[in-house]
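Residue strings, one per chain:
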Amino acid sequence: MIEAKGLGVTFPGGTEALKDINVRIDDGEFIAVIGLSGAGKSTFLRTLNGLVRPTAGSVHVGGVEVGRLHGRALQRFRRTVGFIFQQFNLVTRLTAIENVLHGRLGYLPTWRGILGLYGEHDYALAQRYLSEVGLAGKEHERVDNLSGGQQQRVAIARAMAQEPQLVLADEPMASLDPRLSDVILGLLRDYNEAHGVTVLVNIHVLELARRYARRVLAFNQGRLVFDGPAETLTNERAEQIYAGSLEAL
């Protein structure tokens, strides 16, 4: 599913966000990505759907070298990758189902997307995934009338409606009450197990990473410093990862 070789990202001004990342991820894995703020977690996720372009090395997703895609080819690729943002990225004046239908835009001709001319299949998928995330009966509720947890579930349903091969979630619980973290991660894990879709979640709470993920990737100062089963991530190793220094790693 995913293979990065010598992947590096240097932003204008010289900041190295990623340095020589080498990793392979198979179909159907559920992976937690951990590390301090600024460690490179979000940048890594964004290279996987082309939001950030590598400045060194390469990253392939589903056999496609993402950094070489442009225009329509990049657009077609992105419809296969669901991205769930920390701040939801919903159109709050629209209803829940209208937001979920946006996940189908990549499958429509441009003119139909502009006019919002979705087909019966699109509506059926939108309703199905709203029901899967526990929002049946909320389809026609304006998003700005929903709670934060409900809004994030709309965002998850939108990603599911893309029928993606890969789901990327960038700290999806960060804007929510901590008690909702289990709800959000439970939905993502259930989707992963039911559909066999690869899921990578940027998680800032170590215990949640251990509880939900089968595998953990840890970043420190742009480098991948841990890659292994969640149960092998000891407290001592975690303290080193979060120390902010590469000297002990």
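Cut-offs applied
Residues numbered from 1 in each chain as written. Predicted model: local features only at pLDDT ≥ 70, side-chain atom pairs only at ≥ 80, totals over all residues. Heavy atoms only, no water. 1 Å grid on protein atoms, 1.4 Å probe; cavity = no way out; pocket = protein on both sides within 12 Å on 5 of 7 lines; lining within 4 Å. Points joined across faces, edges and corners; volume = space filled by probe spheres on them. Helix = DSSP H or I, 4+ residues; strand = E, 2+ residues; numbered from the N terminus. Nonpolar A, V, L, I, M, F, W, Y, C, P; charged D, E, K, R; others polar. Pairing = 2+ DSSP bridges. Contact = heavy atoms within 4.5 Å. Axes fitted to C-alpha atoms, helices over the stretch in contact; angles between N-to-C directions. Buried < 20%, exposed > 50% of the residue type's maximum accessible area, 1.4 Å probe, protein only. Polar contact = N/O pair within 3.5 Å; in protein donor to acceptor, adjacent residues only side chain to side chain. Parallel < 35°, antiparallel > 145°, perpendicular 65-115°, else oblique. Left-handed = near helix turned anticlockwise from the far one by under 90°.

Draft legend 1. View of the layout of surface pockets. Approximately 440 Å³ is the volume attributed to the largest pocket. Surrounding the largest pocket, 17 residues form its lining, Arg78, Val81, His102, Gly103 and Gln162 being those nearest its centre. The dominant element in the lining of the largest pocket, judged by the number of residues it contributes, is strand E6 (residues 81-84), at 3 residues. For the lining of the largest pocket, the residue count by class is 6 nonpolar, 8 polar and 3 charged.

Draft legend 2. Fine view of the sheet that holds strand E2 (residues 16-25). Spatially, the 4 strands line up as an open sheet ordered E2-E1-E4-E5, and their pairing is antiparallel. Of all the strands in the sheet, just E2 and strand E5 (64-65) have a single pairing partner and so form its edges. Bridge count for strand E1 (residues 2-10) against strand E4 (residues 56-61) is 5 bridges, and the pairing is antiparallel. Across the sheet, alanine 4 pairs through a bridge with valine 59, a residue of E4. Helix-sheet contacts for helix H1 (residues 41-48) involve E1, E2 and E4, and the interaxial angle to E2 is about 60 degrees.

Draft legend 3. Expanded view of the side chain of asparagine 99. Along the polypeptide, asparagine 99 turns up in helix H3 (residues 96-101). Since its relative accessible area comes to 0%, asparagine 99 is described here as buried. Among the polar contacts made by the side chain of asparagine 99, one reaches the main-chain amide nitrogen of valine 91 at a distance of 2.8 Å.

Draft legend 4. Here's a closer look at the packing of helix H5 (residues 120-132) against helix H6 (residues 148-161). Viewed as axis vectors pointing N to C, H5 and H6 meet at an angle of 135 degrees, and their least axial separation amounts to 9 Å. One finds that H5 runs oblique with respect to H6. H6 is crossed by H5, and the crossing has right-handed handedness. Two secondary-structure elements touch here, H5 through Leu125, Tyr129, Leu130 and Glu132 and H6 through Val154, Ala157, Met160 and Ala161.

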